[in-house]
Amino acid sequence: MFLVGLLHLEHLIIKFMETERIYFDYNASSLIRKEAFNLLESINKSYGNPSSVHEEGRSMRDLIEISRTHIANSLNTNEKNVIFTSGGTEAIDIALNQNNGRIILNSTEHVAVFESAKKTGSTIEILEVDDNGIVNLDKLDSMLQKGPALVCVMFANNETGIVQPIKKISEIVRKYNSYLFCDAVQAYGKIKINFNELDIHFMALSAHKVGGFPGSGALIINESIKKIAPITLGGGQEFGLRGGTENLIGITAFGECAKLIDEICSENQKLKEYINILEKNIESFGGFIFGGNSQRLPNTSLFAFPEIKADTMLMKLDLAGYSVSSGSACSSGKVKKSHVLEAMNIDDKISSNAIRISLGWATKKSHITNLLNFFEDVFNKTVLE
Ligand code: PLP
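The shown structure was predicted, so the numbers you read here are calculated from the model rather than taken from an experiment.

1. A look at the packing of helix 6 (residues 137-145) against helix 7 (residues 166-175)
Packing of helix 6 against helix 7 leaves a shortest axis separation of 10 Å and a crossing angle of 15 degrees. With respect to helix 7, the axis of helix 6 lies roughly parallel. Every pair of crossing elements has a handedness; the one defined by helix 6 and helix 7 is right-handed. Residues Leu-137, Leu-140, Asp-141 and Leu-144 of helix 6 form the contact with helix 7, whose participating residues are Lys-168, Ile-169, Ile-172, Val-173 and Lys-175. Taken together, the residues that form the contact of helix 6 with helix 7 break down as six nonpolar, no polar and three charged.

This is how it looks when you write it as structure tokens:
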């Protein structure tokens, strides 16, 4: 019996290793873009510390400043507003560290925002979303009537892809002399962002969501903010706001992706067509689309089939060669209850079945066709054209 079990396991492992992998988890981390890899080759003989005054150091500094300009241009803002960080999480941490009074937190924020907010010791008030996952603007207005606050609303949600009305939120926040922090980690590169026009105070970005390397990101700070308190002092790098020798490879690759932001955005917009085909079929197989009535990122679909738990479906898909995610997988890889779907009043029974497909620059139409054929076998139904 034990031997049969082992043989079965071996068969599954071999099948797993032989299967061609199709990656549908770009919201977790994008495949690295070839432009980022090419850049590695072009700078592979570069060395030195960007803070050194000698020639090598100066050429490192130039690479960093060029990247800063690319990122600033991609957001229509000034380069002196761009602070390089070790990623989205650190950018969030620095932005939230500024406030020790009152924080108003959108209920569907990323866990990093909740944790950074808690750490500040501020009073935290939750701003609810409606059943479509959109923040309640009247509620925000009435909360701010009671006094100013740092308001945290993400541009787009990592699980559902739901996009918030950031311009309207920014207008309300300005009316009450408050501050707006916007986590744009998922939105950047998927929808065009004009930082100056939106008049946001702080914005967090992450390189590995746009095809750069993990471990690099940026905090964008509005010119009206005169002074902010750094968390890491170190040698005073990044205008004294984030000490420590800069991550040259991460930053330059990030800059290279930022240079291509218009192209990356239009690539992502085209993926909407694939998401529409996918969702039409999921519904015809009896599935449910979360946030189906809301504006969403063009590359993201979160859905559930009534009878199949997310971890079971994830395993089936993984064995068949598809890398997908449950909307709410944590760093340990376990599927846990989604606070995002809970905030949208979704029943636990259906939210525990939620699977997220997120597409990116290397996704092909044939990948979607293959996935639909897989579902066709699972549900014994025919794919719609
Ligand atoms: N914010 C959102 C919405 C995210 O999706 C993520 C990463 O998944 C983060 C923040 C954290 O970014 P990073 O991985 O660069 O720390």
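Still more ground to cover, so stick around.
2. What to know about the pattern of salt bridges
Where side chains of opposite charge bring their charged atoms close, a pairing between them can arise. According to the stated counting rule, one finds 21 salt bridges in the structure shown. Taking the shortest distance from any N to any O, the salt bridge between Glu-246 and Arg-61 comes out at 3.0 Å. Of the two residues, Glu-246 is situated in the loop between strand 8 (217-221) and helix 9 (248-259) and Arg-61 in helix 3 (residues 55-74); the sequence distance between them amounts to 185 residues. Overall, Arg-61 belongs to the partly exposed group, its relative accessible area being 24%. Between Arg-68 and Glu-238 there is a salt bridge whose closest N-O contact spans 2.8 Å. Of the two residues, Arg-68 is situated in helix 3 and Glu-238 in the loop between strand 8 and helix 9; the sequence distance between them amounts to 170 residues. The exposure class of Glu-238 is buried, given its relative accessible area of 5%. In the salt-bridge network here, residues are joined through shared partners; they are Arg-61, Glu-65, Arg-68, Glu-238 and Glu-246.

3. Comments concerning the site of the ligand
For the ligand, the set of nearby residues contains 13 residues, the closest of which are Thr-89, Asp-183, Gln-186, Ser-206 and Lys-209. Here an oxygen atom of the ligand sits 2.8 Å away from a polar atom, N or O, in the main chain of Gly-88. In this structure, an oxygen atom belonging to the ligand sits 2.6 Å away from a side-chain N or O atom of Ser-206. In isolation the ligand exposes 400 Å². Once the protein is present, 84% of that is buried. Among the elements that line the shell around the ligand, the one with the most residues is helix 4 (residues 88-96), at three residues.

4. A word on the layout of surface pockets
There is about 230 Å³ of room inside the second largest pocket. Lining the second largest pocket are Lys-80, Asn-81, Ile-83, Ile-221, Asn-222, Glu-223, Ile-225, Lys-226, Lys-227, Ile-228, Phe-239 and Leu-241. Here the residues of the lining of the second largest pocket are counted per class, giving six nonpolar, two polar and four charged.

5. Regarding the sheet that holds strand 3 (residues 102-106)
Backbone-to-backbone hydrogen bonds pair the strands of a sheet. The strands run either parallel or antiparallel. Taken in spatial order, the seven strands of this open sheet run 2-8-7-6-5-3-4, and their pairing is mixed. On the outer flanks of this sheet lie strand 2 (82-85) and strand 4 (123-127), each paired with one strand and no other. For this sheet, the mean inter-axis angle between neighbouring strands, taken without regard to orientation, is 20 degrees. When strand 3 meets strand 5 (residues 150-152), the two strands line up parallel, connected through three bridges. Across the sheet, the residue bridging to Leu-105 is Cys-152, located in strand 5.

6. Concerning unusual backbone geometry
Non-glycine residue Asn-76 carries a positive phi angle of around 55 degrees. Within the secondary structure layout, Asn-76 lies in the loop between helix 3 and strand 2. On the basis of relative accessible area, Asn-76 is assigned to the partly exposed category, the value being 42%. At Asn-177, a residue that is not glycine, the phi angle is positive and equals roughly 50 degrees. Mapped onto the fold, Asn-177 is located in the loop between helix 7 and strand 6 (179-183). Judged by its relative accessible area of 67%, Asn-177 falls in the exposed class.

Cut-off values and rules
Residues numbered from 1 in each chain as written. Predicted model: local features only at pLDDT ≥ 70, side-chain atom pairs only at ≥ 80, totals over all residues. Heavy atoms only, no water. Axes fitted to C-alpha atoms, helices over the stretch in contact; angles between N-to-C directions. Helix = DSSP H or I, 4+ residues; strand = E, 2+ residues; numbered from the N terminus. Parallel < 35°, antiparallel > 145°, perpendicular 65-115°, else oblique. Left-handed = near helix turned anticlockwise from the far one by under 90°. Contact = heavy atoms within 4.5 Å. Nonpolar A, V, L, I, M, F, W, Y, C, P; charged D, E, K, R; others polar. Salt bridge = Lys/Arg side-chain N within 4 Å of Asp/Glu carboxyl O. Buried < 20%, exposed > 50% of the residue type's maximum accessible area, 1.4 Å probe, protein only. Near = heavy atom within 4 Å. Polar contact = N/O pair within 3.5 Å; in protein donor to acceptor, adjacent residues only side chain to side chain. Areas by Shrake-Rupley, 256 points an atom, 1.4 Å probe, with all protein chains shown as cover. 1 Å grid on protein atoms, 1.4 Å probe; cavity = no way out; pocket = protein on both sides within 12 Å on 5 of 7 lines; lining within 4 Å. Points joined across faces, edges and corners; volume = space filled by probe spheres on them. Pairing = 2+ DSSP bridges.

Nothing here speaks to function; it is geometry throughout.
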